[in-house]
Amino acid sequence: MAHGRRIVVALVAASDCTIGEGQTLAGDPSNIVRFQRVKPLRYARAPLDHTALMLMGSVSRSVQTAGALDSILSLTVSYANERVAFERPIGKFQAVQHNLARLAGETAAALAVSGSAASTIGQSGNIDKSGFFEGASAKIRCVEAATEGAAIAHQVFGAIGFTKEHILHRFTLRILAWRDDFGSESYWAAELGRHVAQQGADEFWPMVASR
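Residues numbered from 1 in each chain as written. Predicted model: local features only at pLDDT ≥ 70, side-chain atom pairs only at ≥ 80, totals over all residues. Heavy atoms only, no water.

*Asks:* Is there a simple way to explain helix 3 (residues 129-157) in this structure?
*Replies:* End to end, helix 3 covers 42 Å across 29 residues, agreeing with the expected 42 Å (1.5 Å per residue, within 8%). At the exit of helix 3 stands Gly158, carrying a positive phi of roughly 75°. (Helix = DSSP H or I, 4+ residues; strand = E, 2+ residues; numbered from the N terminus. Expected span 1.5 Å × (residues − 1).)

Spelled out as structure tokens, the structure:
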């Protein structure tokens, strides 16, 4: 919350708030809390600003997305090698192999970009220019990977992947739900574009090449 020009972390009584029940796409609890005329019990200056907090949350979701995609890839490859159609595993069909290769590419990209962002922020200890570039890029790319990866996996699994009894949806619905957490792909694309424009044209290539 804002207190004057400072960003502060406030402690409030839950009984003073209006809490409405909600769920994410994956069915996880996601309540809506309204702070109308709520007086904080105490507050302290936040160690990070709004952008830094949003970036750290985005990078966390990016790392989670990459890990989930890695599990989705493993599940999908195993299923393609076990599921038999027309007297041979579906993983032997060229179209399915192409989709598995695309899923592997999206997973590799998500793992690389999220790992790089987490490492950069962890080593610097704060959100500097490099951390902003890495964090925003990670969220954008991992959202793309989640959208593409979930679609490919469900295409390979077919109808069984949509059932509640199958484990696939526990991964795919969560990575789809995480896309809007801590800023959507569109939000960070606009922020990244604004950040690059502020640095000037001469700084763009050095910034990209130094990653």
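*Asks:* What should I look at first to understand empty space enclosed by the protein in this one?
*Replies:* If a probe as big as a water molecule is rolled over the atoms, it shows which places are left empty. Evaluated as defined, the whole model comprises 1 cavity of 30 Å³ or more. A volume near 40 Å³ is recorded for the largest cavity. Every residue along the wall of the largest cavity is listed here: Ser62, Thr65, Lys139, Cys142, Val143, Ala146, Ile175, Trp178 and Arg179. Counting residues per element, the lining of the largest cavity draws most heavily on helix 3, which supplies 4 residues. For the lining of the largest cavity, the residue count by class is 5 nonpolar, 2 polar and 2 charged. (1 Å grid on protein atoms, 1.4 Å probe; cavity = no way out; pocket = protein on both sides within 12 Å on 5 of 7 lines; lining within 4 Å. Points joined across faces, edges and corners; volume = space filled by probe spheres on them. Nonpolar A, V, L, I, M, F, W, Y, C, P; charged D, E, K, R; others polar.)

*Asks:* Would you mind going over the packing of helix 3 against helix 4 (residues 168-177) with me for this structure?
*Replies:* The geometry of a pair of packed helices is captured by two quantities: the angle between their axes and the separation between those axes. Running from N to C, helix 3 and helix 4 point in directions that differ by 155°, and their axes come no closer than 9 Å. For the element pair helix 3 / helix 4, the angle class is roughly antiparallel. Remark: the crossing between helix 3 and helix 4 carries left-handed chirality. Contacts from Ala146, Thr147, Ala150, Ala153, His154 and Phe157 of helix 3 reach helix 4 at Leu168, Thr172, Ile175 and Leu176. (Axes fitted to C-alpha atoms, helices over the stretch in contact; angles between N-to-C directions. Parallel < 35°, antiparallel > 145°, perpendicular 65-115°, else oblique. Left-handed = near helix turned anticlockwise from the far one by under 90°. Contact = heavy atoms within 4.5 Å.)

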